[in-house]
Amino acid sequence: MQAGGGFQSALALFKRADERAAGLISRASIRHLFRSLGFHDGDVENILQSVGCPQEDPVMYEPLLRWVFGEVAADKSDYSDQISPSQYIGLLREGQSVGLDRLHSLRGRLCRGREPKHFATLGHGMSCFVLGAEGLKLFLDAAARNDGDGAPLEMLLTIGYDILDIYEKLQAGWVFDLVVWKAVDYDPPCATWEGVASTLESVYPVAAEHMRVHLAELQQRGSGVSSPAGYAALQAQHRPEVNGYTFRADASQLKYEDFCALASAGKCSASMVRKFLYDSIGLNDLYAGTGYTILADGSRGITEYIALNMRRGDLQHEATALGAPTVTECLTRISKMYEVLITQSSGLQSFHLSRWLPAEEIPPAGTGRRISPSPKDVADMFRRGERFSPGTVLDGLCCRLQVGKDASWFATTAGQVKWGRKVSLVGASDQILRFLESPRALDCLLLAGLTLSDALFYVKTGRGVQLTICR
């Protein structure tokens, strides 16, 4: 069988991926290309063994490709059934989906912003993450389930967004659009540690060099999901004088010029490299270095690629606005996650709280009785001085503790109507249980975070205390 254009395109990609070693290619680059053609890593290893490739890097790419395209992957070398970017956008708008095997020649980027200038480039820094066939397939499937309307929340979560990050961006007025192009025009490497290093060579060459110097340690301890303890130790190594130091909490940014100065002085450790990657290209705590996204519950997501940021006008592409999920959808999802955390012992493992909290701050597994009394039933218990049995969990209730001089101060949960307040802080159902344990006004004020001085002031000024309970 003749390999045809598919082989020539693949060969060109291989040559571009490793021009420094003519005729040779690393296993990492092999896996990257074969993923784009629909193979899994296990398939690649089996193929390498079948054609007698050595275990060590690098291997000769041309005989390997000719064998693969000529003997076992004729259907994968034929791109005639691949859809174009414009066809993809059309399917997305119409709420239709296609098989994964028809998307391997496409790449995409989910862009976000508040105003037109935010959408002039693929990302907001020197680099950005890019979607492959798996991610683009999720968009089509989500649009098909939602009749092509909007950017479904589940889709954003599946491609690696954090629910709280989505909520913050929605509150700030951000919206999303999707850019799609042909991989043959621009095919960035998978976002493995090596892929990141190769991408940074042209923009941050000193950082790329030191990434490779510390590559083994980064692979072992550079990820908060694959090595929580190692990652915590790596962060502590960066600022040992700060107890409990994390990159996330550090407001200072490690700029490239400062990084280069430290490197020249021989002070560039693995922790310094990881701090730079966190600050400069967005490799946050959830970055695993495997080439796949990591979801909130710790499971593997989709293949992700790392690309240099560029102006969208410099890349032949198609794009479509996606809008955004609603704030209500985000809050509903956050509430569901909270319920899982407090009621299921498996929830503690599923959401990997130990990665983010000290052991003493992780809530115990919920084993009590879950009930949904009415607000009136709970208010009557206050009046009678009754309590719920130990381990009871109240479902769907919240409360507001207010202080005022007269009835007008309690006209709304935010005080007098004339104040015009639109929002107010409320307590969760577990605070209602604490109030029931000590129902006296003074105890409730102290439990709500007020001081004895505050309470004395309220007494002197003749103010009363009211607890409002609602669903």
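Residues numbered from 1 in each chain as written. Predicted model: local features only at pLDDT ≥ 70, side-chain atom pairs only at ≥ 80, totals over all residues. Heavy atoms only, no water.

Brief notes about helix α15 (residues 270-281)
For step 1, the next point in the chain: With 12 residues, α15 ought to run about 16 Å at 1.5 Å a step, and its terminal C-alpha atoms sit 16 Å apart, in line with that.
For step 2, the next point in the chain: Burial of α15 is extensive: 11 of the 12 residues sit out of reach of the surface.
For step 3, the next point in the chain: Elements that come into contact with the buried residues of α15 comprise β4 (127-131), α10 (193-200), α11 (205-213), α12 (215-221), α13 (228-238) and α14 (256-264).
For step 4, the next point in the chain: Following α15 by one or two positions, G282 adopts a phi angle in the positive range, close to 75 degrees. (Helix = DSSP H or I, 4+ residues; strand = E, 2+ residues; numbered from the N terminus. Expected span 1.5 Å × (residues − 1). Buried < 20%, exposed > 50% of the residue type's maximum accessible area, 1.4 Å probe, protein only. Contact = heavy atoms within 4.5 Å.)

Examining the packing of aromatic side chains
For step 1, the next point in the chain: As enumerated under the stated definition, the model contains 10 aromatic pairs in all.
For step 2, the next point in the chain: Considering the side-chain rings of W181 and Y186, the 6.4 Å spacing of their centres and the 25 degrees angle between planes classify their relative orientation as stacked. You'll find W181 and Y186 in the same group, each marked buried.
For step 3, the next point in the chain: Arranged with centres 6.1 Å apart and planes meeting at 75 degrees, the rings of Y231 and F247 form a pair that is edge-to-face. (Phe/Tyr/Trp six-rings, centres within 6.5 Å; stacked < 30°, edge-to-face > 60°.)

Topic: the nonpolar core
For step 1, the next point in the chain: Grouped together as the largest cluster of nonpolar side chains are 31 residues, with contacts concentrated most on Y88, L92, L103, L110, F139, I166 and L178.
For step 2, the next point in the chain: Elements with a contribution of two residues or more to this core: α6 (85-94), β3 (106-113), α7 (133-145), α8 (153-158), α9 (163-171) and β5 (175-182).
For step 3, the next point in the chain: Counting residues per element, this core draws most heavily on α7, which supplies six residues.
For step 4, the next point in the chain: By size, the runner-up hydrophobic cluster in this structure holds 25 residues, among which are A191, Y256, C260 and F276. (Core = buried A, V, L, I, M, F, W, Y, C linked by side-chain atoms within 4.5 Å.)

Remarks on the packing of α11 against α14
For step 1, the next point in the chain: Their axes nearest at 9 Å, the elements α11 and α14 cross at an angle of 50 degrees. Relative to α14, the element α11 lies oblique. Handedness of the α11/α14 crossing: left-handed. Along the contact surface, α11 presents P205, V206, A207 and H210, while α14 presents Y256, F259, C260 and A263.
For step 2, the next point in the chain: Its residues assigned to classes, the contact of α11 with α14 comprises seven nonpolar, one polar and no charged. (Axes fitted to C-alpha atoms, helices over the stretch in contact; angles between N-to-C directions. Parallel < 35°, antiparallel > 145°, perpendicular 65-115°, else oblique. Left-handed = near helix turned anticlockwise from the far one by under 90°. Nonpolar A, V, L, I, M, F, W, Y, C, P; charged D, E, K, R; others polar.)

Overview of the confidence of the model for the protein
For step 1, the next point in the chain: Per-chain confidence: the protein averages 77 in pLDDT, with 72% of residues scoring 70 or above.
For step 2, the next point in the chain: Across residues 1-9, where pLDDT falls below 50, the model places 13 contacts with residues more than four positions away in sequence or in other chains.
For step 3, the next point in the chain: Note that residues 13-23 has pLDDT below 50 and, in this model, 21 contacts with residues that lie over four places away or in other chains. (pLDDT = per-residue confidence, 0-100.)

Some words on the pairing of strand β11 (residues 398-404)
For step 1, the next point in the chain: Burial within β11 is extensive, with six of its seven residues counted as buried.
For step 2, the next point in the chain: Across seven bridges, β11 lies against strand β12 (residues 464-470) in antiparallel orientation. The residue bridging C399 from the neighbouring strand is I469, located in β12. (Pairing = 2+ DSSP bridges.)

Digging into the environment of L401
For step 1, the next point in the chain: Looking at where L401 falls in the secondary structure, it is placed in strand β11.
For step 2, the next point in the chain: Once the C-alpha coordinates of L401 and A441 are considered, the two residues, 40 residues apart in sequence, prove to be 9.9 Å apart.
For step 3, the next point in the chain: Leaving out residues up to four positions away in the same chain, L401 has contacts with F435, C444, L445, A448, V465, Q466 and L467.

Re the pattern of salt bridges
Between side chains of opposite charge, a pair can form as their charged atoms come close.
For step 1, the next point in the chain: With the rule as written, the count across this model stands at 17 salt bridges.
For step 2, the next point in the chain: Residues D250 and R239 are paired through a salt bridge, measuring 3.9 Å at the closest nitrogen-oxygen approach. Separated by 11 residues along the polypeptide, D250 in the loop between α13 and α14 and R239 in the loop between α13 and α14 bring together distant segments of the chain.
For step 3, the next point in the chain: Each of R239, E241, D250, K275 and D279 takes part in salt bridges that share partners, so that together they form one network. (Salt bridge = Lys/Arg side-chain N within 4 Å of Asp/Glu carboxyl O.)

Notes on α10
For step 1, the next point in the chain: Counting buried positions over the eight residues of α10 gives six, a clear majority of the element.
For step 2, the next point in the chain: The inward-facing, buried residues of α10 abut α11, α12, α15 and β7 (300-308).

Regarding the environment of H238
For step 1, the next point in the chain: For H238, the position within the fold is in helix α13.
For step 2, the next point in the chain: The spatial distance from the C-alpha of H238 to the C-alpha of S269 is 8.4 Å, given a sequence separation of 31 residues.
For step 3, the next point in the chain: For H238, the residues in contact, after removing those within four places along its chain, are Y245, F247, S271, M272 and K275.

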